[in-house]
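Notes for the structure review
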Amino acid sequence: TMSMGSSMGHREEAPAAVHAAQRRSSIVGAAGAGCGAEVASVRASVRVQSRGSGWGSALVLSAALVGLGAVAGEGAPALRGLKPVPSDSIGRTGVAAAQHQLQFEPGSSSGHQGEMRLRSMETDLEARMVALENKVTKAKNAADESWILMSSTLVLMMTISGLALFYGGLVRVQNVLATVMQSFAIACLITVLWISFGYSLCFSPGSAVFGDWRKFWLLGVTMDTRHESMPNVPEPIFVMYELTFAIITPALIPGAFADRMRFGPMLIFIALWHLLVYCPVAHATWMTDGFLHKARVLDFAGGNVVHITAGFSGLVSSIVIGKRTGYGAEQFSAHNMLISVLGASLLWVGWCGFNGGSAGSPSPRASMAVLNTNVSAATASLSWMFTEWALRKRPSVLGIISGAIAGLVTITPGAGYVDTTGAFIFGLLAGPVCYFAAQLKHWFGFDDALDAFGIHAPAGVLGGVLTGFFATETVTGEGSGIRGIFYGDDGMQLVRQLYGIGVSIAWSSVVTLILLKGVDATMGLRVAVEDELIGLDMAVHGTTMAPSWWDSEAAKMLDTSHKSRMSGRGSMELMSSRDGTEDRRASS
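Residues numbered from 1 in each chain as written. Predicted model: local features only at pLDDT ≥ 70, side-chain atom pairs only at ≥ 80, totals over all residues. Heavy atoms only, no water.

1. A closer look at helix α12 (residues 420-437)
For α12, built from 18 residues, the straight-helix expectation of 26 Å at 1.5 Å per residue is met to within 8% by its first-to-last C-alpha distance of 25 Å. Considering bend angle alone, the principal kink of α12 is centred on A430 and spans about 30 degrees; proline P432 follows within four residues of it. Inspection of α12 places G422, A423, F426, G427, A430, G431, C434, Y435 and A437 among the buried residues, and these make up the whole buried set. Those residues of α12 hidden inside the fold are in contact with α10 (364-392), α11 (397-411), α13 (440-444) and α14 (452-470). Between a side-chain oxygen at the N-terminus of α12 and the backbone nitrogen of T421 the separation is 3.2 Å; the capping residue is D419. (Helix = DSSP H or I, 4+ residues; strand = E, 2+ residues; numbered from the N terminus. Expected span 1.5 Å × (residues − 1). Bend = angle between axes of the 7 residues up to and from the residue. Buried < 20%, exposed > 50% of the residue type's maximum accessible area, 1.4 Å probe, protein only. Contact = heavy atoms within 4.5 Å. Polar contact = N/O pair within 3.5 Å; in protein donor to acceptor, adjacent residues only side chain to side chain.)

Structure below.
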């Protein structure tokens, strides 16, 4: 803080240069420490007895004393020709605690030289300040880039490791490899579709529903371009981060029709679903020209875009494809729960990048999102466990890891909008809500094999609704206007949330139904009943993790089935219909 006075004791109004110099001084003082230099704490009071540019020069010189000398290795030696003045000569208009005071006499030779030296220093200091600001900006951008790259890696791990293991451990042993293959193949397929069409349809300016074609095959995307949604990192990093979301979303759907869908038609369905369901919902929600974004629907990391679309699409697919053969009459047990625990653990860790990376930088908001993610997951694990414990008299391993996934899904739409109290309530409700939602398949008779609908759909809806209650400006920023009913909103945000949820449910359900009916009519969706009994590992992919005796028996059955089809006797097959009776359908 400086107190400047004239010889008349008159306080003058500092020009714009003064404010600029003050700002530069504070920047250098902070940045100097950040660059590893110990900034000297030098306080100076400058008595200027001449008019003109003395104000700006004196303050720039003060800035040099405060910061530049430490950062650039200069400072005091540059002040030659200006004599220190004892502090007792400052008087009431100066600062008694100042260590130095610089003075030159107007009109004198030394005064003229000093003023010229000050002007030269001002120009040089301005250039050094700009260079230092650029260095600080580059350091901050490097931190942002590292955070998003790490988050991208974590989210990619969620699919090809976490989800593959989670689903793989839950199916029967004869379908493990087929289930893992689905996750891996979807990751590869969506990557190619994303750089070809998906990124442009999601994140190029366009209509209220789709982006335009200008970034097909990533045209115009270079290391120097930035996207408006994340302008602090190069666009290729943003492309990669959003790709990981595009990968995991359709990879969730096969959990609903596990053990019974043909591999080729599954890939066709997933490709079309990505382009016609994921891309429009993502554009409408996250792009500034999207109609859900304009309606101010809050979806921090994908409650609507990822979990509601995938969950309700899973419900539709499980109904259209039908039940597994023997469903309801046989006990379908997970073949290796340990693998599923490992998968759930990887999903939990990866979710920190899923939600934390959505903040766009390693900011306080990102730290809050990561903390909320863990609080909700842990709380939901316990609430599911205690619910199951009370009703079934024992807590299960499948129950506690399912609760963790429910809590992770529920916090996703609100991770960057709520505080830890909100996150705790999200998780507390997620456990019992999703536990009972997972029982719907038994009550209504559809075969949601791995609870893709039972967990992701209700948890996504619950999270979106609770965001309308618990969003708070202490997290979103004072004056942002983003708050829920419990923090002063009049209820309009909850109405917006319900609107976004309804649109996501309707769009994903209708389009999924149309796509499945189209693929079924042209290619057929379901495997032959004997292939289903043998297991998709052997029937579709030619290998299995089942014991050797199963392998030989499956090979014999597969050979018999193949000969039967080649002779024409297998043109019609007995299939299990949704009501458990036998139904004749044309073979695939």
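2. Some thoughts on the packing of aromatic side chains
Under the defined criterion, the tally for this structure stands at 20 aromatic pairs. Their ring planes at 70 degrees and their centres at 6.2 Å tell us that Y199 and F238 sit as a pair that is edge-to-face. Note that Y199 is positioned in helix α4 (residues 176-203) and F238 in helix α5 (residues 235-252), a separation of 39 residues in sequence. With a relative accessible area of 0%, Y199 lands in the buried category. Of the residues examined, F238 reaches a relative accessible area of 1% and is grouped as buried. (Phe/Tyr/Trp six-rings, centres within 6.5 Å; stacked < 30°, edge-to-face > 60°.)

3. Let's talk about α5
With 18 residues, α5 ought to run about 26 Å at 1.5 Å a step, and its terminal C-alpha atoms sit 27 Å apart, in line with that. Most of α5 sits inside the fold, with 16 of its 18 residues counted as buried.

4. A few points about the pattern of salt bridges
Tallying each qualifying case throughout the model produces 11 salt bridges. Of the charged contacts in the structure, one is a salt bridge between E235 and K215, with a shortest N-O distance of 2.6 Å. Of the two residues, E235 sits in helix α5 while K215 sits in the loop between α4 and α5, which places them 20 residues apart along the sequence. In this structure, E235 and K215 share a single accessibility class: buried. Here K441 makes a salt bridge to D451, at a shortest N to O gap of 3.0 Å. Of this pair, K441 sits in helix α13 while D451 sits in the loop between α13 and α14, and the two are 10 residues apart along the sequence. Classification of K441 by relative accessible area gives buried; the value is 11%. Members of the salt-bridge network, linked through shared partners, are R172, D259, R260, R324 and D447. (Salt bridge = Lys/Arg side-chain N within 4 Å of Asp/Glu carboxyl O.)

5. A word on the side chain of S508
With respect to the secondary-structure elements, S508 resides in helix α16 (residues 492-522). You can call S508 buried: its relative accessible area is 0%. Only 2.7 Å separates the side chain of S508 from the backbone oxygen of S504, close enough to count as a polar contact.

6. Let's talk about the environment of M368
Locating M368 in the fold gives a position in helix α10. Expressed as a C-alpha distance, the spacing of M368 and G416, which sit 48 residues apart in the sequence, is 6.7 Å. Excluding residues within four positions of it along the chain, M368 makes contact with A415, V418, D419, T420 and V475.

7. Details of the nonpolar core
In terms of nonpolar packing, the biggest core is built from 101 residues, with W194, Y278 and F354 touching the most fellow members. In terms of residue count, helix α6 (residues 263-286) provides more of this core than any other element does, 12 residues in total. Those residues in contact with F354 that sit more than four places away from it in its chain are V155, M158, Y241, F245, I248, A301, V306, H307 and T412. Counting residues in each nonpolar core, the second largest holds 9 residues, with F312, F453, L494 and I501 among its members. (Core = buried A, V, L, I, M, F, W, Y, C linked by side-chain atoms within 4.5 Å.)

8. Here's the deal with the packing of α11 against α12
For any two helices packed against each other, one specifies the crossing angle of their axes together with the interaxial distance. Axis separation between α11 and α12 bottoms out at 8 Å; the angle between their running directions is 130 degrees. By the angle between their directions, the pair α11 and α12 is classed as oblique. Here the hand of the crossing between α11 and α12 comes out right-handed. Taking contact as the criterion, the partners of A406, G407, T410 and I411 in α11 are, on α12, A423, F426, A430 and C434. (Axes fitted to C-alpha atoms, helices over the stretch in contact; angles between N-to-C directions. Parallel < 35°, antiparallel > 145°, perpendicular 65-115°, else oblique. Left-handed = near helix turned anticlockwise from the far one by under 90°.)

9. Regarding the environment of F245
Mapped onto the secondary structure, F245 falls in helix α5. Sequence spacing of F245 and S152 is 93 residues, and the spatial spacing of their C-alpha atoms is 8.9 Å. Non-local contacts of F245, meaning those with residues more than four positions away in its chain, are made with V155, Y278, W286, A301, V306, F354 and S358.

10. Points about the side chain of T309
Summarising the element assignment, T309 is placed in helix α8 (residues 303-321). According to the relative accessible area criterion, T309 is buried, its value standing at 0%. If we skip the residues at most four places from it in the chain, T309 touches T249, W273, V277, V281, N304, S504 and S508.

11. Focus on a nonpolar patch on the surface
Where nonpolar side chains cluster on the molecular surface, the patch consists of I268, L272, L276 and M523 and spans about 300 Å² of accessible area. Counting through the fold element by element, M523 comes out in the loop between α16 and α17 (529-534). (Patch = residues over 30% accessible without salt bridge, like charges linked within 9 Å, V, L, I, M, F, W, Y side chains within 5 Å. Areas by Shrake-Rupley, 256 points an atom, 1.4 Å probe, with all protein chains shown as cover.)

12. Concerning the confidence of the model for the protein chain
As a general rule, the predicted coordinates of low-pLDDT regions are not to be interpreted in detail. A residue-level look at the protein chain finds 74% of positions with pLDDT of 70 or above and a mean pLDDT of 82. Within the model, pLDDT remains below 50 along residues 568-588, and this stretch shows 45 contacts once partners closer than five positions in the same chain are excluded. (pLDDT = per-residue confidence, 0-100.)

13. Points about the environment of S318
Mapped onto the secondary structure, S318 falls in helix α8. By relative accessible area, S318 is classed as buried at 1%. With residues near it in sequence (within four places) discarded, S318 still touches A256, R260, F446, D447 and D448.

14. Structural notes on the packing of α6 against α16
At their nearest, the axes of α6 and α16 sit 10 Å apart, and the two run at 155 degrees to each other. With respect to their mutual orientation, α6 and α16 come out roughly antiparallel. In this structure, the crossing between α6 and α16 has a hand that is right-handed. Contacts from P265, I268, F269, L272, W273, L276, V277, P280 and V281 of α6 reach α16 at S504, W507, S508, V511, T512, L515, L516 and V519. Looking at side-chain class alone, the contact of α6 with α16 contains 14 nonpolar, 3 polar and no charged residues. (Nonpolar A, V, L, I, M, F, W, Y, C, P; charged D, E, K, R; others polar.)

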